[in-house]
Number of protein chains: 2
Amino acid sequence: MKEKILVVDDEAEAVELVEFNLRQAGFEVLSAADGAEALKKARTALPSLIVLDLMLPEIDGLEICRMLRRDPATARIPIVMLTAKAAEMDRIIGLELGADDYVTKPFSPRELVLRIKNVLQRGRAAAEAEVLKFGDLLIDAPRHLVSWRGKAIELTATEFKLLLVLAQRRGRVQSRDQLLRDVWEYNSLIDTRTVDTHMRRLRDKLGPAAKHLDTVRGVGYRFIEA
Amino acid sequence: MKEKILVVDDEAEAVELVEFNLRQAGFEVLSAADGAEALKKARTALPSLIVLDLMLPEIDGLEICRMLRRDPATARIPIVMLTAKAAEMDRIIGLELGADDYVTKPFSPRELVLRIKNVLQRGRAAAEAEVLKFGDLLIDAPRHLVSWRGKAIELTATEFKLLLVLAQRRGRVQSRDQLLRDVWEYNSLIDTRTVDTHMRRLRDKLGPAAKHLDTVRGVGYRFIEA
DNA sequence: ACGGCGATGTCACCGGTTTGTCACAAACCC
DNA sequence: GGGTTTGTGACAAACCGGTGACATCGCCGT
């Protein structure tokens, strides 16, 4: 239930300081010393937030930020920048690239923790994306409405929920078991193959928009944006 | 359909940053570099919201805020303040003057966008209430009156409240549990199927206007405008 | 106090829709 | 080519919402 945070910094001392304080605050902490490691861990561990030093060897922090944002699997993970000596421009560029906040070094650990909590809080509020749009496909959760090029598509309750869960977790593959847990809620009384049937019905009704629904053989299903 | 937002700041860089992010978020953006221009554009373009820097040359932000509030044409436009270095006092004064929210510089553009959306949402929420009209159907909340083509429809207290809650949340599906919570208030002593019965009675009495009441199978009920 | 009345909550039933399952065909991977 | 995984069509059971009937309750006037 603890939230994972990935700390990326090449100075071991700095990592330790941050790590200690984050654990103190009840987070689970991973760390990476360079860009390559950071990207790998971000993709595999899918942390709730990434603390990223701007000054890194080889690839610099901004570049990592860009790469994280480009990969759909990590694009939505909030990033808090750590800058050693921040000219105003750096800040702005960092934020434009999609960092969610920044702290200048030397920093007070307390401030960092507060900012991290703040960003996570914001994320939770924003995560309940009300209306999702992918090209011509519109998914409106509160209205329980799906449309393709403005034309409504009639879905049953389960079909809608299945689509919604997949779209909300877009990019990431969902196993049949996961889907059973998240869509059907009371689990495992149901055959996993039932998911297949519902996927078929969903694809039938979506028509051309079914291109967003991707089968990953041996694993499960996935919603793709493009 | 896009909402217009007026950004007032004398620093071109700041304007650009805000403008970029707001456009990204789907808003139409106007800008003004000083108070005079801001007042003029506010009056002519009537934006949905104004982002206002407190520190402006010549007239300062607070003064502009006051002037905007004094003019009936602009008095009800929400204002989000931008303060470079906010002593607590400044904030309070800003809010006392009728600013609807504030963000301190340097700020995360994401946060600004979120706050703006939030303020707009609040505005929309406040705008409803009082008297609702949908085609020939009139719902007068304070007077507890409903009419169809000018002819009054007699509703019981529960029926009225049910209709009102649905109409206020028009478009969005309400589950039976939600309705029980919001209409019956102290909940769960009551069977959720009771909602159905009241819906039936409501539909009976509304006659042709019942077309606004939509059933979403497996989920709940929804008020539709058209 | 009493009886009547409207309002409200509950129930059982019905018809239509949704949904889970199965058997089989097709696709895919080694 | 064989074994595994996924897509498909059909079907019966379960579910869900609409409906009419009924019990209860509180209010009111007599």
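Coordinates for the structure precede this section.
Residues numbered from 1 in each chain as written. Chains lettered and ligands numbered in written order. Predicted model: local features only at pLDDT ≥ 70, side-chain atom pairs only at ≥ 80, totals over all residues. Heavy atoms only, no water.

**Q** I'd like a rundown of the packing of helix α7 (residues 176–184) of chain A against helix α8 (residues 193–206) of chain A, residues and numbers included.
**A** All names here are of chain A. One way to put it is that α7 packs onto α8 with a least axis distance of 9 Å and a crossing angle of 75°. Put simply, α7 runs roughly perpendicular to α8. When α7 is examined against α8, the residues Arg176, Leu179, Leu180 and Trp184 are found in contact with a partner set consisting of Thr194, Val195, Asp196 and His198. Among the residues forming the contact of α7 with α8, the class breakdown is four nonpolar, two polar and two charged. (Axes fitted to C-alpha atoms, helices over the stretch in contact; angles between N-to-C directions. Helix = DSSP H or I, 4+ residues; strand = E, 2+ residues; numbered from the N terminus. Parallel < 35°, antiparallel > 145°, perpendicular 65-115°, else oblique. Contact = heavy atoms within 4.5 Å. Nonpolar A, V, L, I, M, F, W, Y, C, P; charged D, E, K, R; others polar.)

**Q** Talk me through the protein's contact with DNA strand C; I want residue IDs and the actual numbers.
**A** Surrounding DNA strand C, one finds 23 residues, the nearest of these being Thr156, Thr158 and His198 of chain A together with Thr156 and Thr158 of chain B. Taken together, the sugar and phosphate atoms account for 64% of what DNA strand C places within 4 Å of the protein. In the environment of DNA strand C, a phosphate oxygen lies 2.5 Å from a nitrogen or oxygen atom belonging to the side chain of His198 of chain A. Backbone polar atom of Asp191 of chain B to a phosphate oxygen of DNA strand C: 2.9 Å apart, as the coordinates give it. Secondary-structure elements contributing two or more residues to the surface near DNA strand C are α8 of chain A together with α6 (157–168) and α8 (193–206) of chain B. (Near = heavy atom within 4 Å. Polar contact = N/O pair within 3.5 Å; in protein donor to acceptor, adjacent residues only side chain to side chain.)

**Q** Outline the packing of aromatic side chains, listing residues and values.
**A** All names here are of chain A. Across all of its chains, the model carries two aromatic pairs over all chains by this definition. Between Phe134 and Phe223, the aromatic rings sit 4.7 Å apart at their centres with planes inclined by 55°, giving tilted as the arrangement. Here Phe134, found in strand β6 (residues 131–134), pairs with Phe223, found in strand β12 (residues 220–223); they are 89 residues apart in sequence, far enough to count as distant. Side by side, Phe134 and Phe223 carry an identical accessibility label, which is buried. (Phe/Tyr/Trp six-rings, centres within 6.5 Å; stacked < 30°, edge-to-face > 60°. Buried < 20%, exposed > 50% of the residue type's maximum accessible area, 1.4 Å probe, protein only.)

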